[in-house]
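# Summary of structural features
For reference, the chains in residue letters:
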Amino acid sequence: MDIDETLDTLGTKAVEVKDTLLNQGENVKAGVWNWFAYARGQIDAGLHSANAYLEDNAALQATTNTIYHVGEEAHKKFAQAGAYTGSFGQNVVSQVQSYGQVLLSSVDLAKQKDATPIELSIICEKHIDSSCLNASFQELFYNTTSCTYDVVSGLAAQLVGPASAIEGCKLRIQAARAQKLVSDGSVVVAVDSFINEPVPGTWVEQYCMLVNDLQHEIDLHVFSQPVNVPASLIIKSKDATPSEYALRSSGYAKSIIEVISETFPDVNIKDWYSPFVGISNKKILYLVSQLLAALYHQRLINTHPPGVKSDEEDIDVEAMERA
């Protein structure tokens, strides 16, 4: 056989080998996708089953074990496929691992949450971001639903002092219940802001949050971190209050929000802290919301039916609050 014939033969063999490898690659690729579809289906089923955790913990545990098993098997198959399909197989492996990690993290988080269903009713003015409360309760209670209502307290437009804020929250809750906006089984949280003068010449604003749970006989309140308020805003609010103002005992006739809207029309009243003190209203609200949710959760787990004693020693939350 001469050189030309030899080269032709080698060329033909090379084409055959190339076609064979391509066919094998396509078969492996199809197998990889079939495994990926199966694994993703199992993971999606796990996500669906995770929602049943509150009703059947054993079912969730079985589902979780299945997910881990499928993940391990898929990892082995995809790793083997990666040797044939190169970056394609590795990308599939990464997708499944990432998708599975999100699920498993969600399942683990669900296990740590309280199973008590919470119907949260938030009473506050429209410029107060109520989403912080909803998020904080959802961090502790798996099944939390919420609605927000704007109900007036009947007190001064600008509350002065913590006592006025507590009274304002109570009146908002009473009004909401009287108007049948919330059910007796709801966990009602009222939010009010107030100004205070802790030392002469220094004014601050704070949020007051009060939670009321009739079913478990829980009432408690918390205050946010104080935020300094420019004296000029306080002066304008005070000067706008007539001496004969009927609600003067609880505060001033014009709120700080109104003063800011008139004086600085470009400032977003939902986040006026940012331009004045450099921190957002939402951040302050979120921190105090987390505190309220934690205290409520602690009080709830220490609330037992008559004659039933917890296996764990109760924590005296009221004593902690007094301290």
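None of the values given here were measured: they were computed from a predicted structure.

So, about the overall build of the chain. Tallying secondary structure elements over the chain gives ten helices and eight strands in all. Considering the chain as a whole, with its 323 residues, one finds that 37% of them fall into the buried category. Long-range contacts, defined as pairs at least 24 residues apart, comprise 63% of the intrachain contacts of the chain with a sequence gap of at least 6. For the chain, the accessible surface area stands at approximately 18100 Å², while carbon and sulfur atoms represent 53% of it.

This brings us to the confidence of the model for the chain. Summarising the model, the chain shows a mean pLDDT of 78, and 58% of its residues fall at 70 or more. Per-element confidence in the chain is highest for strand β3 (residues 158-160), whose mean pLDDT is 97, and lowest for helix α10 (residues 317-322), whose mean pLDDT is 51. Counting interchain partners and residues more than four positions distant, the pLDDT-below-50 stretch residues 106-111 has seven contacts. Confidence drops under a pLDDT of 50 for residues 306-315, and excluding neighbours within four residues, the segment shows seven contacts in the predicted structure.

Mapped onto the elements, Ala163 comes out in helix α5 (residues 162-178). The spatial distance from the C-alpha of Ala163 to the C-alpha of Ser250 is 8.5 Å, given a sequence separation of 87 residues.

Here we come to the environment of Ile235. For Ile235, the location among the structural elements is in helix α6 (residues 231-239). As for Ile235 and Ile256, which are separated by 21 residues in sequence, their C-alpha atoms are 9.9 Å apart.

When the charged atoms of two side chains lie near each other, side chains of opposite charge can form a pair. In this structure the tally under the stated criterion is four salt bridges. The residue Glu125 makes a salt bridge to Arg172 at a minimum N-O spacing of 3.2 Å. With Glu125 in the loop between β1 (118-123) and α4 (131-140) and Arg172 in helix α5, this residue pair connects regions lying 47 residues apart in the sequence. Residue Arg172 is classed as buried on the basis of its relative accessible area of 3%. Salt bridges linked by common partners bring Glu125, Arg172 and Asp192 together as one network.

Here a disulfide denotes a covalent bond joining the sulfur atom of one cysteine to the sulfur atom of another. As enumerated under the stated definition, the model contains zero disulfides in all. Of the cysteine sulfurs around Cys124, a residue in no disulfide, the closest is that of Cys169, at 10.0 Å.

In this section: the packing of aromatic side chains. Centre distance and the angle of the planes are the two values used to describe a pair of aromatic rings. Inspection of the entire model under this criterion finds eight aromatic pairs. Considering the side-chain rings of Phe137 and Tyr296, the 5.8 Å spacing of their centres and the 45 degrees angle between planes classify their relative orientation as tilted. With Phe137 in helix α4 and Tyr296 in helix α9 (residues 281-301), the pair connects residues that are 159 residues apart, well separated along the chain. For Phe137, a relative accessible area of 0% translates into the label buried. Between Phe194 and Phe223, the aromatic rings sit 5.7 Å apart at their centres with planes inclined by 75 degrees, giving edge-to-face as the arrangement. Of this pair, Phe194 sits in strand β4 (residues 187-199) while Phe223 is found in strand β6 (residues 218-223), placing the two residues 29 residues apart along the sequence. Site record: aromatic cluster; members linked through ring pairs are Tyr207, Phe264, Trp272, Tyr273 and Phe276.

Conventions and cut-offs
- Residues numbered from 1 in each chain as written.
- Predicted model: local features only at pLDDT ≥ 70, side-chain atom pairs only at ≥ 80, totals over all residues.
- Heavy atoms only, no water.
- Helix = DSSP H or I, 4+ residues; strand = E, 2+ residues; numbered from the N terminus.
- Buried < 20%, exposed > 50% of the residue type's maximum accessible area, 1.4 Å probe, protein only.
- Contact = heavy atoms within 4.5 Å.
- Areas by Shrake-Rupley, 256 points an atom, 1.4 Å probe, with all protein chains shown as cover.
- pLDDT = per-residue confidence, 0-100.
- Salt bridge = Lys/Arg side-chain N within 4 Å of Asp/Glu carboxyl O.
- Disulfide = S-S within 2.5 Å.
- Phe/Tyr/Trp six-rings, centres within 6.5 Å; stacked < 30°, edge-to-face > 60°.

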